[in-house]
Structure formats: C-alpha cells, structure tokens
Amino acid sequence: MHVTVVGAGQMGSGIAQVSAMAGHDVVVRDIDADRVEAGIDGIEDTLAEGVERGKVSESERDAALARIDGIVDLDDAVADADLVVEAVPEDMELKQDVFTDIESAAPADAVLGSNTSSLPVTELASALDDPSRAIGLHFFNPPHLMNLVEVVVAEQTSEDIEAFATDYVEDIGKEAVVVRDTPGFATSRLGVALGLEAARMVEEGVASPGDIDAGMREGYNHPMGPLELTDLVGLDVRLDIAESLRDELGERFKPPQILKRKVRAGDLGKKTGTGFYEYDENGDKTGPADY
Ligand SMILES: NC(=O)c1ccc[n+]([C@@H]2O[C@H](COP(=O)([O-])OP(=O)(O)OC[C@H]3O[C@@H](n4cnc5c(N)ncnc54)[C@H](O)[C@@H]3O)[C@@H](O)[C@H]2O)c1
C-alpha cells in the first residue's frame, strides 16, 4: 500500500517510520525540503537506536529507509496514495486547508486520516467534498514505541473507511480502539479525569503526590502515577485540555486551583523543572515540589 504522511514533525515522521517498517511504500511531505529532510533524519536516528538496542536488524532498517521518499510538492506526494495521514499542527483552519488540498490532489478513493489529538474530526471532515473518506488516526508519542492508535469515527465516516483504518492499524502491528468522535476521544477524557482528581486530592490534603502516584502504580498496576504523568505531559497542556473538556462535557472537568496556580507560576512540569515534583537538569526527579 502507498501511504503519504503530510507533516514531517515529531508525529508525522514516526507514523512514516512505522508504516515503512510494516512494508508500505511511504512518502513524507512537509512545507519545505529542509523540514522533509529533518523528518527523514529523525527516522534514521530512531532506527539507528533500534539497531543499537537489538530491536531492529540492519536489513530491516535498510529496507524501511529504502521505502521512504521525501517529496515537497503536494500533488506528487499524494499522486499514488491509498492512505494519506495528516500530522500538521493542531489548528482546525490549517488542518481543513491541508485536508481540502489533499482531497483535490489525491486519487478519489484515497482514505484521508488525521492524527489530531483533540479536534473534532467531524468538523475537519466537513471541509471535504466527500467527508465519508475522512477518519481520525490518533497515534501516541512516540509512534514507534506506543502500541495504541485511536480510530476516531466521524459522523460522516463510512463503514468501509472505518474497516480500512482498523486493518491498517493492525497491519502496522498496533492495537486499534474504535472511538466515536467526541471531546477528548476515549484516552484524553479518561486520562485527564484521573489527573484532575489526583490534583484535587493534593489540594485537599488527602495524601502527598508521591503517595497518590504510588497508590496507582502499586495498587492498580499503572506504569506511572497520574501526577507524574501530568508533569510529563505538561501542566499547561493538561489545563488546556481540561478547559476545553469542561466547555463540552461540564463541570466534572473543572480544573482545580492548584493546576491553574502552578501554570500561572510557570511550573509546567518536567519541561520547566517543577510541577508536582522537582527535576534536575537531566530530567530526573529529585523530590516533591511545594504545593
Ligand atoms: N506531539 C504529541 O505528543 C502528539 C501526540 C498525538 C497527536 N499529536 C498531534 O499530531 C499533530 C502533529 O503534532 P507534532 O507534535 O508532530 O507537531 P510538529 O510541530 O512536530 O510537526 C508538525 C509538522 O507539520 C508541518 N506543517 C505545517 N504546515 C504544513 C503543511 N501545510 N503541509 C505540510 N506540513 C506542514 C510543520 O512544518 C511540522 O514539521 C497535531 O495534530 C498534534 O495534536 C501530537
């Protein structure tokens, strides 16, 4: 199958890599040659690490790289595509423009996937002449390590396209969960709910962040506690999602004061060195932060 990925950033290059590793012919497209090259360089680096760690053989790496082509011209990039996945920045207007440009250049039966993590796929699809060919393919970061892809079914998505998308996800060795297009899909909605409640518990003095996280790790077998995860994702990112889920789904997603206060203070988690925990310059946790 021919897969074109539009947007060769963090996610797009990863989606290109996992598609090529599964044997598909892949084209990577971005707005200029430097960005296309940077995306392909990133794939080379990740595959080199895979070889070093013994996860990928040299011949698998070489075969995957040989299947990836970088093309800047959109018409050429999508000319043979069976599936186009857009992974451009999270902006509805931009994504709708990109989707309509792809629709007019790609074969009429090409499936149009979006890697949006939060925008309504139904609204994105509504820009198309044939919205039934659109579907959300929500990969997780980094795509080569994360097993899950949420297949987000828009109001207009046809059953054939849904079946095509789940087959593609399984074919690249990942687990598909099929989700109706609703705010936060399945994963963000549940993940954010847990993170917000954990933050409220810190605020109410129920337990320390360390004990709340240990409770979920040791008692529920979560690989990471909800506050550690909030620090990793970024408190600002979590606050934005909580506010948009509150608008859509109601007061149960009301962000706690502690989250707002920390974001206002610039304590955004691991990336700034302070969130619910403190981190050293290597990003290693050094202890709890003030709260
Ligand atoms: N980063 C994450 O953890 C993550 C996880 C899941 C989903 N997502 C979603 O994936 C999408 C991309 O995120 P990212 O983190 O890879 O962003 P990124 O900024 O790393 O990459 C975006 C790329 O799109 C390119 N681009 C912009 N306009 C373009 C156009 N018109 N045509 C082609 N390329 C264009 C940019 O040059 C850039 O290389 C977003 O919708 C985001 O919400 C991100």
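The model shown is predicted, which means the values in this text are computed figures rather than measured ones.

Draft legend 1. Representation of the pairing of strand 1 (residues 2–6) in the model. A large share of strand 1 lies buried, amounting to four of its five residues. Both strand 1 and strand 2 (residues 25–29) contribute to a ladder of five bridges, which runs parallel. In the sheet register, Val6 faces strand 2, and the bridge partner there is Arg29. Following the backbone out of strand 1, through helix 1 (residues 10–21) and into the adjacent parallel strand 2, one traces a crossover that is right-handed.

Draft legend 2. Up close: the site of the ligand. Around the ligand, a shell composed of 21 residues is seen, among which Met11, Asp30, Glu90, Lys95 and Ser117 lie nearest. Measuring from an oxygen atom of the ligand, one finds a side-chain N or O atom of Lys95 at 2.7 Å. A distance of 2.9 Å separates an oxygen atom of the ligand from a polar side-chain atom of Asn115. For the ligand, the protein covers 76% of the area, taking 830 Å² as the surface of the free molecule. For the shell around the ligand, the secondary-structure elements that each account for two or more residues are helix 1, helix 5 (92–105) and strand 6 (134–139). Split by residue class, the shell around the ligand holds eight nonpolar, eight polar and five charged.

Draft legend 3. Main features of the UniProt feature "site: Important for catalytic activity" (unreviewed entry) in the protein. Following the UniProt record, one finds the feature "site: Important for catalytic activity" (unreviewed entry) at His138. As for its placement among the helices and strands, His138 is situated in strand 6. Leaving out residues up to four positions away in the same chain, His138 has contacts with Ser114, Asn115, Thr116, Ser117, Leu148, Val149, Glu150, Phe185 and Thr187. At 2.8 Å, the side chain of His138 forms a polar contact with the side chain of Glu150.

Draft legend 4. Spatial organisation of the nonpolar core. The biggest cluster of nonpolar side chains holds 33 residues, and the ones touching the most others in it are Ile135, Leu137, Phe139 and Tyr168. Of all the elements in the fold, those that place two or more residues in this core are strand 1, helix 1, strand 2, helix 2 (33–52), strand 4 (83–86), strand 6, strand 7 (148–153) and helix 7 (159–171). With 18 residues, the next largest nonpolar core counts Ala81, Met92, Ala106 and Leu119 among its residues.

What counts and what doesn't
- Residues numbered from 1 in each chain as written.
- Predicted model: local features only at pLDDT ≥ 70, side-chain atom pairs only at ≥ 80, totals over all residues.
- Heavy atoms only, no water.
- Buried < 20%, exposed > 50% of the residue type's maximum accessible area, 1.4 Å probe, protein only.
- Helix = DSSP H or I, 4+ residues; strand = E, 2+ residues; numbered from the N terminus.
- Pairing = 2+ DSSP bridges.
- Right-handed = clockwise from strand over helix to strand, strands pointing away.
- Near = heavy atom within 4 Å.
- Polar contact = N/O pair within 3.5 Å; in protein donor to acceptor, adjacent residues only side chain to side chain.
- Areas by Shrake-Rupley, 256 points an atom, 1.4 Å probe, with all protein chains shown as cover.
- Nonpolar A, V, L, I, M, F, W, Y, C, P; charged D, E, K, R; others polar.
- UniProt positions renumbered as here; feature names shortened; annotations may be inferred.
- Contact = heavy atoms within 4.5 Å.
- Core = buried A, V, L, I, M, F, W, Y, C linked by side-chain atoms within 4.5 Å.

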